[in-house]
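Breakdown of the fold
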Amino acid sequence: MEFKAQYTREEVEALIAWARSVTYEGRLDIGHGQVLTNAKVSIQNMANQIEPQIGNVNYSGMIHKLFVVKETLEKIIYNI
């Protein structure tokens, strides 16, 4: 997903719901030197930080990063 200055409530709520359902606990390299050593814990922590800030444009970067994590994990799991 391309970076957006502001994400809709529906987009963020769907992303948080996805994050809560993640069960993959392995290492995840999302590029540019960024590695999640335990994807499940890191993804859920990101969702916990984002959830109370839905609608806050200052969190667009973290929301985008969680979308990048989702796309990367789906590529690994589904071999897209």
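The paragraphs below set out a description of the structure included in this document. (Residues numbered from 1 in each chain as written. Predicted model: local features only at pLDDT ≥ 70, side-chain atom pairs only at ≥ 80, totals over all residues. Heavy atoms only, no water.)

Overview of the nonpolar core
- Ranked by internal contacts, the top residues of the largest apolar core, which has 21 residues, are Val12, Trp18, Leu28, Ile43, Ile63, Leu66 and Val69.
- Of all the secondary structure elements, the ones that give two or more residues to this core are α1 (9-21), β1 (28-31), α2 (39-50) and α3 (60-78). (Core = buried A, V, L, I, M, F, W, Y, C linked by side-chain atoms within 4.5 Å. Buried < 20%, exposed > 50% of the residue type's maximum accessible area, 1.4 Å probe, protein only. Helix = DSSP H or I, 4+ residues; strand = E, 2+ residues; numbered from the N terminus.)

What about the pattern of salt bridges?
- Considering all chains together, one arrives at 4 salt bridges under this definition.
- As a salt-bridge pair, Arg20 and Glu51 come within 2.6 Å of each other at their nearest N and O atoms. With a gap of 31 residues between them, Arg20 in helix α1 and Glu51 in the loop between α2 and α3 connect regions that are remote in the sequence.
- For the salt bridge of Lys40 with Glu25, the shortest nitrogen-to-oxygen distance reads 3.9 Å. Note that Lys40 is positioned in helix α2 and Glu25 in the loop between α1 and β1, a separation of 15 residues in sequence.
- The exposure class assigned to Lys40 is partly exposed, which follows from its relative accessible area of 25%. (Salt bridge = Lys/Arg side-chain N within 4 Å of Asp/Glu carboxyl O.)

Overview of the environment of Asn79
- Checked against the element boundaries, Asn79 lands in the segment after α3.
- Along the backbone, Asn79 and Arg27 are 52 residues apart, and their C-alpha atoms lie at a distance of 16 Å.

Note that every value here comes from positions in space, so none of it alone points to a role or purpose.
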